[in-house]
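Next come the chains, spelled out residue by residue.
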Amino acid sequence: MTTQNPIGLFIQAQGKNASECATLIQHIKQANYSTVSVMDNFQLCRDIKNAIPDCVVIHRDSNFEPFPSTNNPKTIIDYLTQLQQDKRIVVMVNCEQGFDVAHVNMWSDMIIAASAIGWHLCVGNTSSGSVKCGQGSDPNEWLTTGKRLLETIAANPGHYLGVHNYTSCFQWIVANGGWGNPTSPPAAIDWTKPQWHMGRGLQGIQAALKAFNITMNHPFMVITEGTFDQMDDLKNNPDNPYRNIPSNRWRMLSQKWNEWYPNRNIEDVLADQNIWTWEKVFAPSKFVVGIHFFTYWDASGQWADDRVDNCPIYLKRMEAYRGTVVPIPPVVTPPPPTPKTVT
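In this text, all values refer to a predicted model and were calculated from it rather than measured experimentally.

Undergrad: Please clarify how the overall build of the protein should be interpreted in this entry.
TA: Along the backbone of the protein there are 11 helices and eight strands. Computed over its C-alpha atoms, the radius of gyration of the protein comes to 19 Å, within 12% of the 20 Å expected for a compact globule of 343 residues. Taking the principal axes of the C-alpha coordinates as reference, the protein spans close to 55 × 55 × 35 Å. Within the protein, residue pairs in contact and separated by at least 24 positions form 73% of the contacts whose partners lie at least 6 positions apart. For the protein, the computed accessible surface area is about 14,100 Å², with 51% contributed by carbon and sulfur atoms. Charged side chains of the protein number 27 positive and 30 negative; the gap between the two group centres comes to 4 Å.

Undergrad: Sorry, what's going on with helix α11 (residues 312-320) here?
TA: At 3.6 residues per turn, the α-helix brings residues three or four places apart onto the same side. Those residues of α11 lying buried are Tyr 314, Leu 315, Met 318 and Glu 319. Down the axis of α11, the buried set is contained in an arc of 140°. They therefore lie on one face. The exposed residues of α11 that point more than 90 degrees off its buried face are Pro 312, Lys 316 and Ala 320. Buried-residue contacts for α11 involve β1 (7-12), α1 (18-31), α10 (266-282) and β8 (288-296).

Undergrad: Whenever I open this one, the nonpolar core confuses me. Can you help?
TA: Considering soluble globular proteins, one finds that nonpolar side chains tend to be buried as a cluster. Grouped together as the largest cluster of nonpolar side chains are 103 residues, with contacts concentrated most on Ile 11, Leu 44, Ile 48, Trp 142, Phe 220, Trp 257 and Tyr 314. Here this core gets nine residues from one element, more than from any other, and that element is α10. Ignoring any residue separated from it by four or fewer positions in sequence, one finds Phe 220 in contact with Leu 150, Ile 153, His 159, Tyr 160, Leu 161, Ile 205, Leu 209 and Phe 287. If you look at the next biggest cluster of nonpolar residues, it comprises nine residues, including Val 56, Met 92, Tyr 160 and Val 289.

Undergrad: Quick question: what am I supposed to make of the packing of helix α3 (residues 73-81) against helix α4 (residues 101-116) here?
TA: The description of two helices packed together rests on the angle between their axes and the distance between the axes. Contact geometry for α3 and α4: axes closest at 8 Å, N-to-C directions at 45°. With respect to α4, the element α3 is oriented oblique. Handedness of the crossing formed by α3 with α4: right-handed. Facing α3, whose interface residues are Pro 73, Thr 75, Ile 76, Ile 77 and Leu 80, α4 presents Asp 109, Met 110, Ala 113 and Ala 114.

Undergrad: Would you explain the pairing of β8 in this entry?
TA: Looking along a regular strand, one sees side chains alternate from face to face of the sheet. Across the nine residues of β8, nine count as buried, placing the element largely inside the fold. Looking at chain direction, β1 and β8 are connected through five bridges and run parallel. Counterpart to Ile 11 in the pairing with β8 is Tyr 296. In this sheet, β8 lies alongside strand β7 (residues 221-226) in parallel orientation, the contact comprising four bridges. Considered in β8, the bridge of Val 222 is made with Gly 290.

Undergrad: Help me understand the side chain of Asn 156 in this model?
TA: Positionally, Asn 156 belongs in the loop between α6 (147-155) and β6 (160-164). Reaching out from Asn 156, the side chain makes a polar contact with the side chain of Ser 115 at a distance of 3.3 Å. Not counting residues within four places of it along the chain, the set of residues in contact with Asn 156 comprises Ile 111 and Ser 115.

Undergrad: Got a minute to help me understand the pattern of salt bridges in this structure?
TA: Evaluated as defined, the whole model comprises 15 salt bridges. Between Asp 86 and Arg 88 there is a salt bridge; the shortest N-O distance is 2.7 Å. Put simply, Arg 317 and Asp 268 hold a salt bridge, and the shortest N to O gap is 2.8 Å. In this pair, Arg 317 is assigned in helix α11 and Asp 268 in helix α10, connecting sequence segments 49 residues apart.

Undergrad: How do you make sense of the side chain of Asn 274 when you look at a structure like this?
TA: By the secondary structure assignment, Asn 274 is in helix α10. Among residues more than four places away in sequence, those in contact with Asn 274 are Ile 7, Gln 171, Thr 227, Phe 228, Phe 293 and Tyr 314.

Undergrad: Teacher, can you tell me more about the sheet that holds strand β2 (residues 35-39) here?
TA: As a general point, the strands of a sheet are linked pairwise by backbone hydrogen bonds and lie either parallel or antiparallel. Judged by pairing direction, the barrel is parallel, and its eight strands sit side by side in the order β1-β2-β3-β4-β5-β6-β7-β8 before closing back on the first. If you compare each strand with its neighbour and ignore which way they point, the axes differ by 25° on average. Examined bridge by bridge, strand β3 (residues 56-60) and strand β4 (residues 90-93) share two bridges and lie parallel to one another. Opposite Ile 58, over in β4, you have Val 90 as the bridge partner. The strands touched by α4 are β4 and β5 (120-126); relative to β5, the strand with the most contacts, the crossing angle is about 165°.

Undergrad: Would you explain unusual backbone geometry in this entry?
TA: Glycine aside, the phi torsion of most residues is negative, and most peptide linkages are trans. For the bond running from Gly 226 to Thr 227, omega is 20°, close enough to zero to count as cis. Examined against the element boundaries, Thr 227 turns out to sit in the loop between β7 and α8 (232-235). Following Phe 294, the chain continues into Thr 295 via a peptide bond in cis, with omega recorded as 15°. By the secondary structure assignment, Thr 295 is in strand β8. Located in the positive-phi region is Lys 286, a residue other than glycine, with phi close to 70°. By the secondary structure assignment, Lys 286 is in the loop between α10 and β8.

Conventions we followed
- Residues numbered from 1 in each chain as written.
- Predicted model: local features only at pLDDT ≥ 70, side-chain atom pairs only at ≥ 80, totals over all residues.
- Heavy atoms only, no water.
- Helix = DSSP H or I, 4+ residues; strand = E, 2+ residues; numbered from the N terminus.
- Rg over C-alpha atoms; globule rule 2.2 N^0.38 Å.
- Contact = heavy atoms within 4.5 Å.
- Areas by Shrake-Rupley, 256 points an atom, 1.4 Å probe, with all protein chains shown as cover.
- Lys, Arg positive; Asp, Glu negative; His and termini not counted.
- Charge placed at Lys NZ, Arg CZ, Asp CG, Glu CD.
- Buried < 20%, exposed > 50% of the residue type's maximum accessible area, 1.4 Å probe, protein only.
- Arc of directions from axis to C-beta.
- Core = buried A, V, L, I, M, F, W, Y, C linked by side-chain atoms within 4.5 Å.
- Axes fitted to C-alpha atoms, helices over the stretch in contact; angles between N-to-C directions.
- Parallel < 35°, antiparallel > 145°, perpendicular 65-115°, else oblique.
- Left-handed = near helix turned anticlockwise from the far one by under 90°.
- Pairing = 2+ DSSP bridges.
- Polar contact = N/O pair within 3.5 Å; in protein donor to acceptor, adjacent residues only side chain to side chain.
- Salt bridge = Lys/Arg side-chain N within 4 Å of Asp/Glu carboxyl O.

In structure tokens:
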């Protein structure tokens, strides 16, 4: 397997024709992404997998949102049986449907059931901030709620935990416990300090793995959506010096980025920011497969300023990038509180 680019794509592929899909696949081959997700186009998932066999390709069906109250392991068997039988494709279960004991148990049961018939799942895909991860006075819900899911994924390699990780006007805002400076990215993440946005889930999960003595011998996390959005905790915090900068879409940052990073094309800035996040936040853990940047294409028409399919400079940067990292000391997490397990 050749070195891959871990900064992949969230692809809204509904209604795309053969020519459009061929152009996308050519880009994915050039970039050699380690992972991508595809919305509502299972055949495109298969075509990507044929072209790049080492890519973890995740299929998201926007109509498949099982709920614990009405679903059981048979639900996932019935769903998988009606798909095209290509078990190389990882199937997403739920997107931003919450995180609680009932969901943890449902996802765990579905992983076990899918494993028995040779399929693999990506479960959770929780929205940014919806799972408390132990920063500041927040509880770590991976300690109180998530133990069974972590144990199940550890025992079933090839299944993945999906999380959404967005932040505001630059990637290292609120990294290392402070507000940060847009022109001075941290040289490294200090995991003894709270990471409020990029890496917040990873921090909580690593603390739980340590507390429960769970060994993960394989990458198991995928950032299934990222990386720029308007985050309410930053927008509504009067102490935040950057709270008035709109960041609902990454292109909304163009004026600010031109001010902060003069003589830099905004597509280059976007590439630089995503590369920083991979190399400083996610790569050192060895647990994260990659990032699905939101978004390639826009099926609904509401994400025009999030698109990168019309960003040739960014796409060329991704085709050249191969996820290189500078070796750093092992990640250290602060001692977690005494775990209280809920089952």
